[in-house]
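# Summary of structural features
As a plain string of letters, each chain reads:
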Amino acid sequence: MGASLPTLQIPDVPLPLFDDALLCSETAGAYEEASHHAVSLVAERFATTSAPTTGPTPQQMAAKINHVDLHSPLGSTEQSFNELTSLYLDDAVYFHDTKYAAHLNCPVAIPAVVAENFVTSINTSMDTFDQSAGATLIERKLVSFTAELIGFDANTADGIFTSGGTQSNLQAMLIARNTATARLEGSLPERLAKLRIYCSEDAHFSIRNAAMLLGLGYEAAVAIPTDAQHRMDAQALRDQLAEDLNAGLIPMAISATSGTTDFGAIDPLAELREIATESGAWLHVDAAYGCGLLVSNRHRHRLDGIEQADSVTVDYHKSFFQPIGSSALIVRSGASFESIAHYAEYLNPAAEAAATPNQVSKSLQTTRRFDALKLWVTLRTLGASRLGEMFDQVIALAEDAQQEVAMRSQLHLVADVQLSTLVFSFEDPQHHLDLAEHNVLANQIRQRLYASGEAMIAATTVAGKRLLKLTLLNPNTTLADISEILDAICRIGTEILAERTTGEK
């Protein structure tokens, strides 16, 4: 007989339990209690906050946060929340405030915020159906819904939710690159070297970044001049294409913008479709900002021609009033995703691709949040028409605000309002500044307004000149709010100029 195997001795020591730390059936009550506490803190902050910011500096915030020892836990969520109030809530930037007019941040729909409880708590991962079940089909339904809003055939269109417009644009350019290279011969480096992307001078920086990330280089994204309304100049595009084609270059994509960040400009979509067809280029429309027009009751016609695009970026967390992040890339033909499809035997086997609706094969992400649920609950609660009314309201507000700017001799509008932004300069008739002095003053006005906490505005540079900008995405903001912001800008600008004259600070 062989020797008997040794008996494994297991010490009679109880194993550590984590049912006080992890969300599970035993901790449902603790989860509910902590959630109520968190919601109460946020609700109290919203009810009592009367300004978009307290104007903290990075140095002031760093002094508090660097003091925290992350190796020494506080022991309870209540204590953590109390600490968080000082580190975050007290000095957070509140986009819901009617004096917030800085970046493309919107106040968020209540149903969407509440839906975050489901998204975060259940923690569904959207890569495969066996991790998401109904969530996959909800996302697909919303993709079809958005495709129909665009004007695509929902039976052949497809799409994927993304973290934001930057990712959506990158994925669109990746598909366009693969579509173009499939038609060319030679080594991949040789094919890539010839490709060009055409976008306006005012296009979002993510298009140029995409060219770099895709191995084409920044110079492959060709900036086309714009007209007086900051829309891509179609004739300038034709001239550039003729020159590039003569040089042996290949038009990979034309990236049109529907709602530029600064001016809300919408490129001439129908004409760009003609040029794209003539040159064999992919037509992408970055409608991250202007997508609210898809549900507009008054201005949908401004997007005429978008239905002829090959792909469209939609940022619901801008003009559909959704929490960050909520974006999507929608393609006119679902077959477009085949060039980026990827399969793993442990995740989404190719053999099961036709039978199982796994979203991971269309996404640049693997693990991915169920962000589509926020939009779903919003639509089922408020409806698309209500969202359209809210976007129409901010457009109307911006149009009325033009008159408020014109009433002030120190403010000069740079271009007519097109969506919901106003770009203008501060120039006091009594003080003649050179360009450098003007630019310093513009930055000082914005910084001092922020430090005061009474309002927040943005700034941009056009043709070397620093300008001030109001970005309006809050339908609760009134013309009186805008008037107060503009008065504050004029007051602060006048104060700074007076300080320069007297030497005071």
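Residues numbered from 1 in each chain as written. Predicted model: local features only at pLDDT ≥ 70, side-chain atom pairs only at ≥ 80, totals over all residues. Heavy atoms only, no water.

## Some thoughts on the environment of Ala 265
- In this fold, Ala 265 is placed in the loop between strand E5 (250-257) and helix H11 (269-279).
- In this structure Ala 265 comes out as buried when scored by relative accessible area, which is 0%.
- Put simply, Ala 265 and Tyr 289 are 24 residues apart on the chain and 10.0 Å apart in space, counted from C-alpha to C-alpha.
- Dropping the residues within four chain positions of it, Ala 265 is found in contact with Gln 229, His 230, Arg 231, Thr 257, Ser 258, Gly 259, Thr 260 and Gln 418. (Helix = DSSP H or I, 4+ residues; strand = E, 2+ residues; numbered from the N terminus. Buried < 20%, exposed > 50% of the residue type's maximum accessible area, 1.4 Å probe, protein only. Contact = heavy atoms within 4.5 Å.)

## Some remarks on the sheet that holds strand E4 (residues 221-224)
- Read from one edge to the other, the open sheet built from seven strands follows the order E2-E8-E7-E6-E5-E3-E4, with strand pairing classed as mixed. Bordering the open sheet on either side are strand E2 (158-162) and E4, each of which pairs with just one other strand. Here the average twist between neighbouring strands, direction ignored, is 20°.
- Lying on the sheet, helix H6 (residues 134-150) is in contact with E2, strand E7 (311-315) and strand E8 (327-331); it crosses E2 at an angle near 115°. (Pairing = 2+ DSSP bridges. Axes fitted to C-alpha atoms, helices over the stretch in contact; angles between N-to-C directions.)

## Re helix H13 (residues 372-381)
- By the burial criterion, the buried members of H13 are Ala 372, Leu 373, Lys 374, Leu 375, Thr 378 and Leu 379.
- Those residues of H13 that are buried are in contact with helix H4 (110-122), H6, E2, helix H12 (316-319) and helix H14 (384-406).
- Gly 383 sits one or two residues past H13 and shows a positive phi near 90°.

## Considerations on the environment of Thr 179
- Inspection of the secondary structure assignment puts Thr 179 in helix H7 (residues 165-181).
- On the basis of relative accessibility, which here comes to 29%, the residue Thr 179 falls in the partly exposed class.
- Sequence separation between Thr 179 and Ile 482 is 303 residues, and the spatial gap between their C-alpha atoms is 47 Å.

## Some words on unusual backbone geometry
- With an omega of -10°, the peptide bond running from Ile 324 to Gly 325 counts as cis.
- By secondary structure assignment, the location of Gly 325 is in the loop between H12 and E8.
- Although it is not a glycine, Asn 123 sits at a positive phi angle of roughly 60°.
- With respect to the helices and strands, the residue Asn 123 is situated in the loop between H4 and helix H5 (129-132).
- The exposed category is assigned to Asn 123, whose relative accessible area is 58%.

## Details of the side chain of Thr 181
- Structurally, Thr 181 can be placed in helix H7.
- For Thr 181, a relative accessible area of 7% corresponds to the buried category.
- The contacts of Thr 181, once residues within four sequence positions are left out, are Leu 188, Arg 191, Leu 192 and Leu 195.

## Quick look at the environment of Cys 291
- Within the secondary structure, Cys 291 sits in the loop between strand E6 (282-287) and E7.
- Taking C-alpha positions, Cys 291 is 11 Å from Phe 321, a pair spaced 30 residues apart along the chain.

## Side note on the UniProt feature "modified residue: N6-(pyridoxal phosphate)lysine" (unreviewed entry) in the protein
- Those residues carrying the UniProt feature "modified residue: N6-(pyridoxal phosphate)lysine" (unreviewed entry) are Lys 318 in this numbering.
- Apart from residues lying up to four places away in sequence, Lys 318 is in contact with Leu 104, Cys 106, Ala 288, Tyr 289 and Leu 473.
- Separated by 2.6 Å, the side chains of Lys 318 and Asp 315 make a polar contact. (UniProt positions renumbered as here; feature names shortened; annotations may be inferred. Polar contact = N/O pair within 3.5 Å; in protein donor to acceptor, adjacent residues only side chain to side chain.)

## Points about the nonpolar core
- Counting 61 residues, the largest nonpolar core has Leu 237 and Val 312 as its most contacted members.
- No other element matches H6, which puts seven residues into this core.
- When residues of this core are sorted by domain, at least three fall in each of domain 1 (114-382) and domain 2 (386-504).
- What Val 312 contacts, discounting residues up to four positions off in sequence, is Ile 150, Phe 152, His 284, Val 285, Ala 287, Ile 306, Ala 328, Leu 329 and Ile 330.
- Membership of the second largest hydrophobic core comes to 28 residues, among which are Ala 442, Leu 486, Ala 488 and Leu 497. (Core = buried A, V, L, I, M, F, W, Y, C linked by side-chain atoms within 4.5 Å. Domains from an automatic or database assignment.)

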